[in-house]
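# Summary of the model geometry
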Amino acid sequence: MAGSKFAYVRKFELPDPLLPDTFMVFRLDGHSFHRFSDKHNFDKPNDLRALQLMDHAARDVMEEYSDIVLGFGESDEFRVSFHATDWVLYRCFAIDRSSETAAIIHLYSDVITFLLRKSTELYNRRQAKIVSTLTSLFTSSYVFNWPRYFPDNPLQYPPSFDGRIILYPGEQQIRDYFSWRQADTHINNLYNTVFWALVQQGGETTTQAHATLRGTVSKEKHEILFSRFQVNYNQVDERYRKGSVLVRDEIAEPVESAVIPTSEAADDAVSEPSPMKGKKAKPKREAKSKTRIVVLHCDIIKNDFWDARPGILNG
Ligand code: GTP
Ligand code: MG
């Protein structure tokens, strides 16, 4: 219908580019997960299966986007799923960038944060496109993989997630953002661990447990856990205390590339007019860096994590 009298309506579609040369923090939050977790009988305070499912969906998003950046040309599905202009764009940065989603952290319960490179040109930095695509991929993976983690607990209704992008100009803000999220994880998890110990093992009602904890500082919560329930909080699984951190680790492994003649065949090629005639060709093997996604449960407030992975902030 291009050129018709109706085409003017396209002018109402406004561009929504994100400021260049800024870090993109993309955060997903389970919508009404208080209700969702109740309805699906999540364990309290933490449901391991639910957390592993979140990790899985997050990994799927990272893998999908890593494929676009690193190996777009190899996958037919990707080719058909993007417009021609995007195709060109991805092919370009596949050459010199290792990944777009440089790091991702899943902090406590239903919140996930992805960090995208400062220099990313993903979808031409169009906000709605990035938010909607990543959010829907995460959500569909969550639903798709649900039966794997909850085989005897079918979904009662479709879950949803909200997504937003926050732009930060500098590395310090990124460090502080993730420190904020991890500190929040610690505060929430400590509270919930004591709270549910008081209810489940201590026989208190939820109202009583809230009252018991009102005004207590961190040290006192540790003390309640230890003296009444023999739980040393510092020995609680790091997954719950620190959340999940998913990073790309580079692995150097030999990969097969273009087919070239073996040295024997190449020698023959000098003396024979028809170099490959009757000779076997051997695939060339060369070291090419690939990445794999690893899930960690580690401290990201101190320098060690960032010092060991300078690539996260140098993109
Ligand atoms: P909106 O995000 O504003 O839509 O509300 P929400 O209901 O999702 O609340 P919020 O994101 O603030 O908090 C997440 C809620 O999900 C928690 O308060 C819990 O009720 C629930 N939840 C998340 N993970 C778990 C879990 O592993 N176990 C249990 N029992 N509940 C969980
Ligand atoms: Mg939520």
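Conventions we followed
- Residues numbered from 1 in each chain as written.
- Chains lettered and ligands numbered in written order.
- Predicted model: local features only at pLDDT ≥ 70, side-chain atom pairs only at ≥ 80, totals over all residues.
- Heavy atoms only, no water.
- Buried < 20%, exposed > 50% of the residue type's maximum accessible area, 1.4 Å probe, protein only.
- Helix = DSSP H or I, 4+ residues; strand = E, 2+ residues; numbered from the N terminus.
- Pairing = 2+ DSSP bridges.
- UniProt positions renumbered as here; feature names shortened; annotations may be inferred.
- Contact = heavy atoms within 4.5 Å.
- Near = heavy atom within 4 Å.
- Polar contact = N/O pair within 3.5 Å; in protein donor to acceptor, adjacent residues only side chain to side chain.
- Areas by Shrake-Rupley, 256 points an atom, 1.4 Å probe, with all protein chains shown as cover.
- Nonpolar A, V, L, I, M, F, W, Y, C, P; charged D, E, K, R; others polar.
- Donors = N, O, S within 2.8 Å, 3.2 Å for Na, K, Ca; no water.
- Tetrahedral: all angles 85-135°; square planar, octahedral: opposite > 155°, others 65-115°.
- Salt bridge = Lys/Arg side-chain N within 4 Å of Asp/Glu carboxyl O.
- Phe/Tyr/Trp six-rings, centres within 6.5 Å; stacked < 30°, edge-to-face > 60°.
- Lys NZ or Arg CZ within 6 Å of the ring centre and 35° of its normal.
- Expected span 1.5 Å × (residues − 1).
- Bend = angle between axes of the 7 residues up to and from the residue.

### Considerations on the pairing of strand β3 (residues 111-116)
Of all the six residues making up β3, six are buried; the element is thus mostly covered by neighbouring parts of the structure. Here β3 shows a buried face lined by V111, T113 and L115 and a second buried face lined by I112, F114 and L116. Taken together, the six bridges between strand β1 (residues 23-30) and β3 define a ladder with antiparallel strand orientation. Paired with F26 across the bridge in β3 is F114.

### Observations concerning the UniProt feature "binding site: Mg(2+) 2" (unreviewed entry) in the protein
If you check UniProt for "binding site: Mg(2+) 2" (unreviewed entry), the listed places come out as D29 and D76 in our numbering. Within the secondary structure layout, D29 lies in strand β1. The residues contacting D29, other than those within four sequence positions of it, are D110, V111, S160, F161 and D162.

### Section: the site of ligand 1
Neighbouring ligand 1 are 15 residues, the closest being S32, F33, H34, D43 and D47. Contact distances for ligand 1 include 2.7 Å between an oxygen atom and a backbone N or O atom of S32. Between ligand 1 and D110 there is a distance of 3.0 Å, counted from an oxygen atom to a side-chain nitrogen or oxygen. Protein chains shield 67% of the accessible area of ligand 1, which is 640 Å² for the free molecule. The greatest single-element share of the shell around ligand 1, amounting to three residues, is contributed by helix α1 (residues 33-39). Residues belonging to the shell around ligand 1 are distributed by class as follows: three nonpolar, seven polar and five charged.

### What to know about the environment of S227
Counting through the fold element by element, S227 comes out in helix α8 (residues 218-229). Engagement of the side chain of S227 in a polar contact is seen with the backbone oxygen of E223, the distance being 2.7 Å.

### Concerning the coordination of the magnesium ion (ligand 2)
Tetrahedral coordination by four donors sets the ideal angle at the metal to 109.5 degrees; octahedral coordination by six donors sets it to 90 or 180 degrees. Around the magnesium ion (ligand 2), the protein contributes the donor atoms D29 (OD), G30 (O) and D110 (OD), which lie 2.1 to 2.2 Å from the metal centre. For the magnesium ion (ligand 2), the six donor atoms in the first shell make angles of 85 to 175 degrees at the metal, so the coordination geometry reads as octahedral. Every donor residue of the magnesium ion (ligand 2) comes from the same chain, spaced as D-G-x79-D. With D29 in strand β1 and D110 in the loop between β2 (101-107) and β3, the pair connects residues that are 81 residues apart, well separated along the chain. With a relative accessible area of 24%, D29 lands in the partly exposed category. Taking relative accessible area as the criterion, D110 reaches 12% and is therefore assigned buried.

### With respect to the pattern of salt bridges
Per the stated rule, a full pass over the model turns up eight salt bridges. Here R49 and D47 are joined by a salt bridge, their closest N and O atoms 2.6 Å apart. Given a relative accessible area of 5%, D47 falls into the buried group. The partner of R239 in a salt bridge is D55, with the nearest N and O atoms 3.1 Å apart.

### Focus on the packing of aromatic side chains
The full count for this structure, using the stated rule, is 22 aromatic pairs. Considering the side-chain rings of Y168 and Y177, the 5.9 Å spacing of their centres and the 50 degrees angle between planes classify their relative orientation as tilted. A residue is classified by how much of its surface remains accessible, and Y177, at 3% relative accessible area, is buried. With 5.1 Å between their ring centres and 85 degrees between their planes, F195 and W196 make a pair best called edge-to-face. The exposure class of W196 is buried, given its relative accessible area of 18%. Three or more aromatic residues link up through ring pairs in this structure, and these residues are F33, F36, F42, F138, Y142, W146, F150, Y157 and F161. Geometry around Y157 places R35 over its ring, the cationic atom sitting 4.3 Å from the centre.

### Topic: helix α5 (residues 127-149)
Taking 1.5 Å of rise per residue, the 23 residues of α5 would be expected to cover 33 Å, and the 32 Å separating its terminal C-alpha atoms lies within 8% of that figure. A bend of about 30 degrees at V143 is the largest found in α5, and the proline P147 appears one to four places after it. For α5, every residue scored as buried is listed here: I130, V131, L134, T135, L137, F138, T139, S141, Y142, N145, W146 and Y149.

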